[in-house]
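Chain by chain, the residues:
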Amino acid sequence: MGGGLYIEARIGAGLDRVWERTQDPAQHQRWDLRFTRIAYLPGAEGEPQRFTYGVRVLPGFLVSGTGISAGERHRPDGTRTSALRFACAHPLSFLTEGRGYWRYVPCAEGGLRFLTGYDYAPRWGGLADRLLFRPLMGWATAWSFDRLRLWCERGITPERALWRALGEVAARLLVVGAAAWAAPLAAVPVLVAAVLLPPLPGTPAARRCLRRPPGRGPATATTAPPALLDRLERP
């Protein structure tokens, strides 16, 4: 597999709320841009949970895969964690299989750190993955984590957050277009400002999330993959 992805968001909400909105598939698929559909499969209580997932690549067309996950809700250190493995045999999927984890780390001052580390095997070779798919997956994960944060902290539903983001992009493009029409020489600085200015506080933004583990040393017990991940079967 390629270089693993790491994303971390600081969420000012209770642990139970964040756990519910990430572990319930009906709620998870609402905020996570990477998935269109997530459905649990029947299984015995206490066993790892198998599931199917789908990603819409074209209107009305889903690329589907399978996965298995397990969670640790009660840990001695007060954190929670979940791990998953996933695979997709569809020829249009850019990945063949992968694995990852979520960690929920309460903060002494309130709220929690919600973080993920994951990696996958690309279907079409390393170059396309490094240049396109892996940066896109990192951005989509971070944007989705911030959308989850807005939902948990401010009650902005994922659907409303998406419309806000689309509206803000449209407004910025309109300003750039108007500048290019009125004063072409001014279009370049206006375009730079439209790209660099941070989104409004109620609009999701990938830039608000950490993309590397805090600090420069080796992975800590918080950021390292949990032992639970190694115990999961391949889906």
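Located above this text is the structure these notes cover.
Owing to the predicted nature of the structure, the values given are computational and were not obtained by experimental measurement.

**Points about the overall build of the chain**
- Counting secondary structure elements, the chain contains six helices and seven strands.
- Along its sequence from the N terminus, the chain presents helices and strands in the succession β-α-α-β-β-β-β-β-β-α-α-α-α.
- A compact globule built from 235 residues would reach a C-alpha radius of gyration of about 18 Å, and the chain, at 19 Å, matches this within 12%.
- In terms of its C-alpha atoms, the chain occupies a principal-axis envelope of roughly 65 × 45 × 35 Å.
- A buried classification covers 42% of the 235 residues belonging to the chain.

**So, the packing of helix H3 (residues 126-154) against helix H4 (residues 158-182)**
- Packing of H3 against H4 brings their axes to within 9 Å, and their N-to-C directions diverge by 120°. The angle between H3 and H4 places the two elements in the oblique class. Like other packed secondary-structure pairs, H3 and H4 cross with a definite hand, here right-handed. Here H3 contributes Trp 143, Arg 147 and Trp 151 to the contact with H4, which in turn contributes Pro 158, Glu 159, Ala 161, Leu 162 and Ala 165.

**Looking at the side chain of His 28**
- Examined against the element boundaries, His 28 turns out to sit in helix H2 (residues 25-31).
- Exposure remark for His 28: the relative accessible area of 9% places this residue in the buried category.
- Excluding anything up to four places from it in sequence, His 28 contacts Arg 21, Thr 22, Phe 35, Ile 38 and Trp 102.

**Regarding the packing of helix H1 (residues 15-23) against H3**
- Where H1 contacts H3, the axes come no closer than 11 Å and their chain directions differ by 135°. Classified by the interaxial angle, the pair formed by H1 and H3 is oblique. In this structure, H1 meets H3 at a crossing whose hand is right-handed. Residues Arg 17, Val 18, Arg 21 and Thr 22 of H1 form the contact with H3, whose participating residues are Leu 148, Trp 151 and Cys 152.
- Class assignment for the residues of the contact of H1 with H3 results in four nonpolar, one polar and two charged.

**Structural notes on the pattern of salt bridges**
- Inspection of every chain in the model, using the stated rule, returns 18 salt bridges.
- Of the charged contacts, one joins Arg 134 and Asp 119 as a salt bridge, the two residues approaching to 2.9 Å between their closest N and O atoms. Pair noted here: Arg 134 is in helix H3 and Asp 119 is in strand E7 (residues 112-122), with a separation of 15 residues, a long-range link.
- The exposure class assigned to Arg 134 is buried, which follows from its relative accessible area of 9%.
- Residue class for Asp 119 comes out buried when judged on its relative accessible area of 14%.
- One salt bridge connects Asp 146 with Arg 149, and the closest N-O pair in it is separated by 2.6 Å. One end of the pair is Asp 146 and the other is Arg 149, both in helix H3 and three residues apart, which spans about a single turn. Taken as a pair, Asp 146 and Arg 149 share a single burial class, namely buried.
- Through salt bridges with shared partners, a single network forms among Glu 72, Arg 75, Asp 77 and Arg 231.

**Focus on the nonpolar core**
- If you look at the biggest cluster of nonpolar residues, it comprises 21 residues, and the most contacted ones within it are Ile 11, Val 18, Trp 31, Tyr 104, Phe 114, Phe 145 and Leu 148.
- Going through the elements one at a time, strand E1 (5-11), H1, strand E6 (95-106), E7 and H3 are the ones with two or more residues in this core.
- Ranked by the residues each element gives to this core, the list is headed by H3, at six residues.
- Discounting residues that sit within four places of it in the chain, Ile 11 has contacts with Val 18, Gly 111, Leu 112, Phe 114, Leu 148, Arg 149, Cys 152 and Glu 153.
- Of all hydrophobic cores here, the second largest spans 14 residues; its members include Leu 5, Val 63, Cys 88 and Met 137.

Conventions adopted
Residues numbered from 1 in each chain as written. Predicted model: local features only at pLDDT ≥ 70, side-chain atom pairs only at ≥ 80, totals over all residues. Heavy atoms only, no water. Helix = DSSP H or I, 4+ residues; strand = E, 2+ residues; numbered from the N terminus. Rg over C-alpha atoms; globule rule 2.2 N^0.38 Å. Buried < 20%, exposed > 50% of the residue type's maximum accessible area, 1.4 Å probe, protein only. Axes fitted to C-alpha atoms, helices over the stretch in contact; angles between N-to-C directions. Parallel < 35°, antiparallel > 145°, perpendicular 65-115°, else oblique. Left-handed = near helix turned anticlockwise from the far one by under 90°. Contact = heavy atoms within 4.5 Å. Nonpolar A, V, L, I, M, F, W, Y, C, P; charged D, E, K, R; others polar. Salt bridge = Lys/Arg side-chain N within 4 Å of Asp/Glu carboxyl O. Core = buried A, V, L, I, M, F, W, Y, C linked by side-chain atoms within 4.5 Å.

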